[in-house]
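Chain and residue survey
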Amino acid sequence: MNIETALKEAMTVDGAIGVALVDYESGMALGTLGGGQHLDLELAAAGNTEVVRSKMRTLASLDMNDVIEDILITLGEQYHLIRPLSSSKGSLFLYLALDRSRSNLALARHNLKRVETGLEV
């Protein structure tokens with residue numbers, strides 16, 4: 001599926017507020033959907049780029065031969081789920097913001113993995 005279709009698929013996750021596909025080398029969002037006045041997806045994409053870069057550096061410093069499956073940031077009212085894509089898809093990650101009261105975190109993680117699998121970039 002293309003980027004637009006993948007973002008639409010991610011927005012079908014219960015409680016989804018917004019989603020972005022981001023290049024963590026440049027910090028640029030390749031596509032966004034949702035968001036609104038309470039969530040600036042472009043700003044969130046740039047900020048979460050720093051989170052991903054930092055974790056990648058930490059893994060390298062620890063000489064860990066492993067990959068990040070996902071990163072969860074838990075806020076009072078939201079979950080922010082960051083899923084770096086497999087290295088064959090470049091330096092990209094999916095970012096999904098969820099309303100905690102309307103979402104199932106395990107199901108959201110499963111669905112985001114499914115979106116990654118189907119995404120062609």
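Because the structure is a prediction, the values reported are computed rather than measured.

1. Concerning the side chain of Asp70
Mapped onto the fold, Asp70 is located in the loop between helix H2 (41-61) and strand S3 (71-74). At 2.6 Å, the side chain of Asp70 and the side chain of Arg109 are in polar contact.

2. A closer look at the side chain of Asp23
Secondary-structure assignment places Asp23 in strand S1 (residues 16-23). This buried residue, Asp23, is left without a salt bridge; Arg53 holds the nearest opposite charge, at 6.8 Å. Reaching out from Asp23, the side chain makes a polar contact with the side chain of Ser91 at a distance of 2.8 Å. Dropping the residues within four chain positions of it, Asp23 is found in contact with Met28, Thr49, Ser91 and Leu92.

3. Remarks on the pattern of salt bridges
Inspection of the entire model under this criterion finds 7 salt bridges. We note a salt bridge from Glu69 to Arg109, for which the minimum N-O separation is 3.6 Å. Of the two residues, Glu69 sits in the loop between H2 and S3 while Arg109 sits in helix H3 (residues 105-118), which places them 40 residues apart along the sequence. Overall, the relative accessible area of 34% leaves Arg109 in the partly exposed class. Salt-bridge contacts for Asp70 lead to Arg109; the nearest nitrogen and oxygen are separated by 2.6 Å. You can see Asp70 sitting in the loop between H2 and S3 and its partner Arg109 sitting in helix H3, a full 39 residues away along the chain. Residues participating in the shared-partner salt-bridge network are Glu69, Asp70 and Arg109.

4. Regarding the environment of Leu30
Along the chain, Leu30 turns up in strand S2 (residues 29-34). Placed 85 residues apart in sequence, Leu30 and Val115 show a C-alpha to C-alpha distance of 15 Å. If we skip the residues at most four places from it in the chain, Leu30 touches Ile3, Leu21, Val22 and Leu92.

Conventions and cut-offs
- For every chain, the first residue of the written sequence is number 1, and numbering continues from 1 along that sequence.
- In keeping with the model being predicted, local features are shown solely for residues with a pLDDT of at least 70 and side-chain atom pairs are shown and tallied solely at 80 or more, while totals for entire chains, interfaces and linings include all residues.
- With hydrogens and water set aside, each side-chain value is computed from the structure's full complement of heavy atoms.
- What counts as a helix is a DSSP run of H or I of at least four residues, what counts as a strand is a run of E of at least two, and both are numbered from the N terminus.
- Contacts described as polar in this section are N or O atom pairs within 3.5 Å, which, within protein, must combine one atom able to donate a hydrogen with one able to accept it, while residues neighboring in sequence count only if both atoms come from side chains.
- Only protein chains enter the accessibility calculation, which uses a 1.4 Å probe. A residue is then buried if its area is under 20% of the maximum for its type, exposed if over 50%, and partly exposed in between.
- Neither His nor the chain termini are counted; the positive set is Lys and Arg, and the negative set is Asp and Glu.
- We define a salt bridge as a side-chain nitrogen of Lys or Arg found within 4 Å of a carboxyl oxygen belonging to Asp or Glu.
- Contacts are assigned to residue pairs with any non-hydrogen atoms lying within 4.5 Å of each other.

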